[in-house]
Amino acid sequence: MGEPSAARGFRKHRIVAVAGIPNSCPQALGAMRGLGPGLSAQRLLRLRPRLPTRPRPRRLGGPGATLERAMDELLGRTVPQAPAYELREKTPAPAEAQCADFMRFYGALEGASQRAELLGRLARGFGVDHGQVAEQSAGVLRLGAAVGGAAAGTPFGPGPGVSSLPAPPPREPGALLHAEDRLRYALVPRYRGLFQHISKLEGGVRFLVQLRADLLEAQALKIAEGPHVREMNGVLKNMLSDWFSTGFLNLERVTWHSPCEVLQKISECEAVHPVKNWMDMKRRVSSYRRCYFFSHCSTPGEPLIVLHVALTNEITNNIQTIVKEFCPPETEDKNKIVTAIFYSISLTQQGLQGVELGSFLIKRVVKELQREFPHLETFSSLSPIPGFTKWLLGTLSSQTKELGRNELFTDSECNEISDIIGGPISETLKILLTSNEWVKSEKLVKVLQSPLMRLCAWYLYGEKHRGYALNPVANFHLQNGAVMWRINWLADLSLKGTTSSCGMMVNYRYFLEETGVNSAAYLGAKNIKASEQVLNLVSQFQKLSKL
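Calculation notes
- Residues numbered from 1 in each chain as written.
- Predicted model: local features only at pLDDT ≥ 70, side-chain atom pairs only at ≥ 80, totals over all residues.
- Heavy atoms only, no water.
- Helix = DSSP H or I, 4+ residues; strand = E, 2+ residues; numbered from the N terminus.
- Contact = heavy atoms within 4.5 Å.
- Areas by Shrake-Rupley, 256 points an atom, 1.4 Å probe, with all protein chains shown as cover.
- Salt bridge = Lys/Arg side-chain N within 4 Å of Asp/Glu carboxyl O.
- Buried < 20%, exposed > 50% of the residue type's maximum accessible area, 1.4 Å probe, protein only.
- Pairing = 2+ DSSP bridges.
- Axes fitted to C-alpha atoms, helices over the stretch in contact; angles between N-to-C directions.
- Phe/Tyr/Trp six-rings, centres within 6.5 Å; stacked < 30°, edge-to-face > 60°.
- Lys NZ or Arg CZ within 6 Å of the ring centre and 35° of its normal.
- Core = buried A, V, L, I, M, F, W, Y, C linked by side-chain atoms within 4.5 Å.
- 1 Å grid on protein atoms, 1.4 Å probe; cavity = no way out; pocket = protein on both sides within 12 Å on 5 of 7 lines; lining within 4 Å.
- Points joined across faces, edges and corners; volume = space filled by probe spheres on them.
- Nonpolar A, V, L, I, M, F, W, Y, C, P; charged D, E, K, R; others polar.
- Right-handed = clockwise from strand over helix to strand, strands pointing away.
- Parallel < 35°, antiparallel > 145°, perpendicular 65-115°, else oblique.
- Left-handed = near helix turned anticlockwise from the far one by under 90°.
- Expected span 1.5 Å × (residues − 1).
- Bend = angle between axes of the 7 residues up to and from the residue.

(A) Main features of the overall build of the chain. The helix and strand inventory of the chain stands at 21 helices and 11 strands. Relative to all contacts within the chain whose residues are 6 or more apart in sequence, the contacts with residues 24 or more apart total 76%. With the model as given, the accessible surface of the chain reaches about 27,100 Å², and the carbon-plus-sulfur share is 52%.

(B) Spatial organisation of the pattern of salt bridges. A full pass over the atoms with the stated rule returns 19 salt bridges. Its salt-bridge partner being Glu302, residue Arg206 comes within 3.1 Å of it at the nearest N-O pair. Here the residue Arg206 occupies a position in helix H8 (residues 204-220), and Glu302 occupies one in the loop between strand S4 (289-296) and strand S5 (305-312), the gap between them amounting to 96 residues. Under the relative-accessibility criterion, Glu302 is labelled buried at 16%. Taken together, the salt bridges that share partners define one network made up of Glu73, Arg77, Asp101 and Arg104.

(C) Structural view of the pairing of strand S11 (residues 505-510). Burial analysis of S11 places 6 of its 6 residues in the buried class, the great majority of the element. The side-chain alternation of S11 yields two buried faces, one formed by Met505, Asn507 and Arg509 and the other by Val506, Tyr508 and Tyr510. Note that strand S7 (residues 378-381) and S11 share 2 bridges and pair antiparallel. Bridged to Phe379 within S11 is Tyr510. As judged from the 5 bridges shared by strand S10 (residues 483-488) and S11, these two strands associate in the antiparallel manner.

(D) Highlighting the sheet that holds strand S3 (residues 249-253). Strand order across the open sheet formed by 7 strands is S3-S4-S5-S6-S7-S11-S10, with mixed pairing between neighbours. Unpaired on one side and paired on the other, S3 and S10 mark the two borders of the sheet. When the angles between neighbouring strand axes are averaged without regard to direction, this sheet yields 30°. The pairing of strand S6 (residues 339-347) with S7 spans 4 bridges and is classified as parallel. Counterpart to Ala340 in the pairing with S7 is Phe379. Seen against the sheet, helix H18 (residues 472-479) touches S6, S7, S10 and S11 and runs at an angle of roughly 10° to S11.

(E) Representation of the packing of aromatic side chains. Applying the stated criterion across every chain yields a total of 15 aromatic pairs. Geometrically, the ring pair formed by Phe102 and Tyr106 is stacked, given 6.3 Å between the ring centres and 15° between the ring planes. Taken together, the positions of Phe102 and Tyr106, both in helix H3 (residues 96-108) and 4 residues apart, correspond to about one turn of that helix. Each of the two residues, Phe102 as well as Tyr106, counts as buried. Put simply, the rings of Phe102, Tyr106 and Phe207 pair up and form one aromatic cluster. Lying across the ring of Trp485, Arg509 places its NZ or CZ 4.9 Å from the centre. Positioned over the ring face of Tyr468 is Lys526, at 5.1 Å from the centre of the ring.

(F) Inspection of the side chain of Ser286 at higher detail. With respect to the secondary-structure elements, Ser286 resides in the loop between helix H11 (278-284) and S4. For Ser286, the contacting residues outside a window of four places in its chain are Phe326 and Pro328.

(G) Just the nonpolar core, in detail. Core analysis: the largest hydrophobic core is formed by 111 residues, its most contacted members being Phe244 and Phe409. Of all the elements, helix H17 (residues 442-461) adds the most residues to this core, at 12 residues. Apart from the residues lying within four places of it in its own chain, the contact partners of Phe409 are Leu396, Cys414, Ile417, Ile425, Leu429, Leu448, Pro451, Leu452, Arg454 and Leu455. One finds Trp256, Cys260, Leu263 and Val285 within the second-largest nonpolar core, a separate group that totals 13 residues.

(H) Focus on the layout of surface pockets. Approximately 1,200 Å³ is the volume attributed to the largest pocket. Along its surface, the largest pocket is lined by 46 residues, and Ile345, Gly358, Pro472, Val473 and Phe476 are the ones closest to its centre. Elements represented by at least two residues in the lining of the largest pocket include exactly S5, S6, helix H13 (358-372), H18, helix H19 (495-501) and helix H20 (515-525). What the second largest pocket holds in volume is close to 750 Å³. Around the second largest pocket sit 28 residues that line it, and Gln81, Ala82, Pro83, Tyr185 and Val188 are the ones nearest its centre. For the lining of the second largest pocket, the secondary-structure elements that each account for two or more residues are helix H5 (130-152), helix H6 (173-186) and helix H7 (190-198). The biggest single contributor to the lining of the second largest pocket is H7, with 5 residues. Split into classes, the residues belonging to the lining of the second largest pocket amount to 13 nonpolar, 9 polar and 6 charged.

(I) Just the pairing of S6, in detail. Of all 9 residues in S6, 7 are buried, a share of seventy percent or more. With 8 bridges joining them, S5 and S6 adopt antiparallel strand pairing. If you follow Val306 over to S6, its bridge partner there is Ser346. Assessed by its sense of winding, the connection that carries the chain from S6 through H13 to S7 is right-handed.

(J) How the structure looks around the packing of helix H15 (residues 411-421) against helix H16 (residues 425-432). Running from N to C, H15 and H16 cross one another at 60°; their axes reach a closest spacing of 10 Å. In terms of their interaxial angle, H15 and H16 are classed as oblique. You can see that H15 and H16 cross each other, and the crossing is left-handed. Counting all contacts with H15, which are made through Cys414, Ile417, Ser418 and Ile421, the residues of H16 involved are Ile425, Thr428 and Leu432.

(K) Structural view of H17. For H17, which comprises 20 residues, the first-to-last C-alpha distance of 28 Å matches the rise-based estimate of 28 Å (1.5 Å per residue) to within 8%. Taking the largest bend as the criterion, H17 deviates by roughly 45°, centred on Gln449, and proline Pro451 comes between one and four positions later. With 14 of 20 residues buried, H17 is to be regarded as a mostly interior element.

(L) How the structure looks around the environment of Leu176. Tracing the sequence through the fold places Leu176 in helix H6. Spatially, the C-alpha atom of Leu176 lies 9.0 Å from that of Leu141, the residues being 35 residues apart in sequence.

No statement about biological role is implied by the geometric values presented.
Here you go:
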């Protein structure tokens, strides 16, 4: 089958009519033409693990049992008991059927609320034994005081917080280390054992990734809350971080000849600049473009996180030239490739949120590009600024409510804007900036450029959360050691770009020899490395605007 010449498009990223598809997917082509066994494009990818079918999990505890009782019966049967410390390495693992039973039961639950109920019961009822923790902690404190007193050559005496405990004689440090190991063992929640055993089953790791995605969704919807749920989320995140460390990840490049399933999943999961159709997807993996993803050794070929790169002759200042106006030639002129622009990075598995994949992916891609283009030295992102418009309108609204006026714009700017829009600036801007109509007015674009640029610079550089950049994209690149390089006006004219960031984008530039120092300065001292352009805009904000 030859390479496709055209594609008619997606509808909300689901293919409805295709004139040409990648030549690696004849079975999908036959099904879409009605010649195959009815395989739909939506079924090409399994976003949730396929589990053995089982009747709905009602009435499992006996006639008339409620779903809640069935859940309690299941958890009591499938969550392994923590063996005594002395028997921790001698206790046999639970039968695989028990873990598989949990997976089947969970997979048969209907809707987010039922899954949240089961996860909440698991978190609350099968966590840490706090009595054991208290007992082991007391032992560590006593032995720590004894060993410390002996090491200092002073008579043993009770330390802070242990005055009521009898003083044991000084012992070898080995006794303290043993007690600390017992305490660590006591701090392991019971449900961790369930997760550990599930991970050893076929499809188990994938199941746990989806389970954490459900847990995050339940927390966002506030149908599973509380410290026990947050603790279980943290435990599962740490386990996934170990299982998805770089040693288990494979870097794979996507081309137009990649499997159809891979191309479709990447197009569906593109969160930054949505893919419109097959031809749009083809442009993004053609000449002067690169697309890479990480896959796990247990699921080779399945994207976990995807990075799109444009190979250019300069640091690009708008996304239109990359994803809209680009017509790829047949061959590349390597002499024209001097810059790599990271313009999109998307996580395909929501259960891996918080697992450090993005920074490792960028580092691996940089090395891959340098092997392909030894002369390539300039690396930069072209990043969106999600949340800027929301922050701006929220600040305008609060100032108007508290002060009766806004202090983000100067008086002359307010007058110019009011003359153009014909109304009060705060209310009218709220309507204008939540649509893309304002970019069609040359006068309004001109008068808004200066104030919005300095406000955006302050939002990126000055607005903080616990001392770090409030904007999540900025925080990501600054943690990686990038420099906040340039804010670009009208860089994204899509509806999403104009409504979320007033059409602006930012370049975070990676100076490879400085990323380590910059990252340490940001993470340790919370210092942001920024260019002269950004610092000048911040200075303008401090002179002309007030929060």
